[in-house]
Amino acid sequence: MADIDQASVIPNETSPPAVNATVAKFVATPEGTALAYGSLVFMALLPIFFGALRSVSCGKSKNSSDMPETITGRDAARFPIIASCTLFGLYLFFKIFSQEYINLLLSMYFFVLGILALSHTMSPFMNRIFPANIPIKQYQLLFTQGSGEAKEEIVNYEFDTKDLICLVISTVVGVWYILKKHWIANNLFGLAFALNGVELLHLNNVSTGCILLGGLFVYDVFWVFGTNVMVTVAKSFEAPIKLVFPQDLLEKGLGASQFAMLGLGDIVIPGIFIALLLRFDVSLKKETRTYFYTSFLAYIFGLGMTIWVMHTFKHAQPALLYLVPACIGFPVVVALLKGELTEMFR
């Protein structure tokens, strides 16, 4: 997961500069706007829902690459500071150096990460549809350092034929993204990053989740409303760390170029909190998933509020401004009503 939250819902990307004339600003049709924002909301819900479900069982995996990374209270407190430094550093890079070369380096970096993330995302589906009559061969990628008793494992990755097929498909998507920068390829990688983030980043308790969301709430509001840094970086950063959907799709088809966008941080950060509440539901050993569905609906409400305010005031919005109170407030109210607040925070 990227350290920065390119998180504002932003109405449009900038148009190419005009030549000897002023180009009329693009105005989306109501149908195009509804389709774009409805699609963004739908795409945002997919990695949260399926990533949360996969987070329940990922800790049981024997493969070290599938083991979750636990976020502690100390990590949560430092995260907004690290994110701010990273965001401002990128802003300075884009101001000082050529945007073309920076994006070329970032594209190659995310090309490799995207292939691995998409391959990992596809793996469970491949296990279900892979023909039983095709033999499955096991492979192991092992890098060691030193010899004898001093030998130390650096990489030990086990995979099979199904994983290789996922890797080939993911590589095709990666090449498509590198060559065309098409918005569909961008979204495939973005969804894979988001799902992996929700699945593999685990909060150790609800208090840590509140610290993380609260800190990023301040971070998001400051960098969107207080400066132009986040909007500038989000529009300059050509990497699959945001979901995009064209507002002129109905007019131009797949060649559309005027995008609404949603940063992956606005999906992953609330998503790992929602996944934590699902694991809390499971720990209660009840048939219902009250807290998971409450927080899931709260996310839909918060994202809907973000889009409505942005569309009304025609200004990029820090989505966490609306998502954090909703995703924390709704489950806390439910826990109070059920008398389980102490158990939730314990």
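Below is a summary of the structure that appears in this document. What you see is a predicted model, and the numbers here were worked out from it, not measured in a lab.

Attention now goes to the side chain of Thr161. The topology assignment puts Thr161 in helix H4 (residues 161-180). Thr161 gets classed as buried once you look at its relative accessible area, which sits at 17%. Engagement of the side chain of Thr161 in a polar contact is seen with the backbone nitrogen of Lys137, the distance being 2.9 Å. Discounting chain neighbours no more than four positions away, the residues touching Thr161 are Phe130, Pro135, Ile136, Lys137 and Tyr139.

Okay, the environment of Ile129 next. For Ile129, the position within the fold is in helix H3 (residues 99-129). On the basis of relative accessible area, Ile129 is assigned to the exposed category, the value being 62%. Ile129 sits 33 residues away from Lys162 along the chain, and the two C-alpha atoms are 9.9 Å apart.

Axis separation between helix H9 (residues 265-283) and helix H11 (residues 320-338) bottoms out at 10 Å; the angle between their running directions is 5 degrees. Taken together, the axes of H9 and H11 lie roughly parallel to each other. Only Leu320, Leu323, Cys327, Ile328 and Pro331 of H11 make contact with H9, whose side of the interface consists of Asp266, Pro270, Phe273 and Leu277. Per-class residue counts for the contact of H9 with H11 are eight nonpolar, no polar and one charged.

Thresholds applied
Residues numbered from 1 in each chain as written. Predicted model: local features only at pLDDT ≥ 70, side-chain atom pairs only at ≥ 80, totals over all residues. Heavy atoms only, no water. Helix = DSSP H or I, 4+ residues; strand = E, 2+ residues; numbered from the N terminus. Buried < 20%, exposed > 50% of the residue type's maximum accessible area, 1.4 Å probe, protein only. Polar contact = N/O pair within 3.5 Å; in protein donor to acceptor, adjacent residues only side chain to side chain. Contact = heavy atoms within 4.5 Å. Axes fitted to C-alpha atoms, helices over the stretch in contact; angles between N-to-C directions. Parallel < 35°, antiparallel > 145°, perpendicular 65-115°, else oblique. Nonpolar A, V, L, I, M, F, W, Y, C, P; charged D, E, K, R; others polar.

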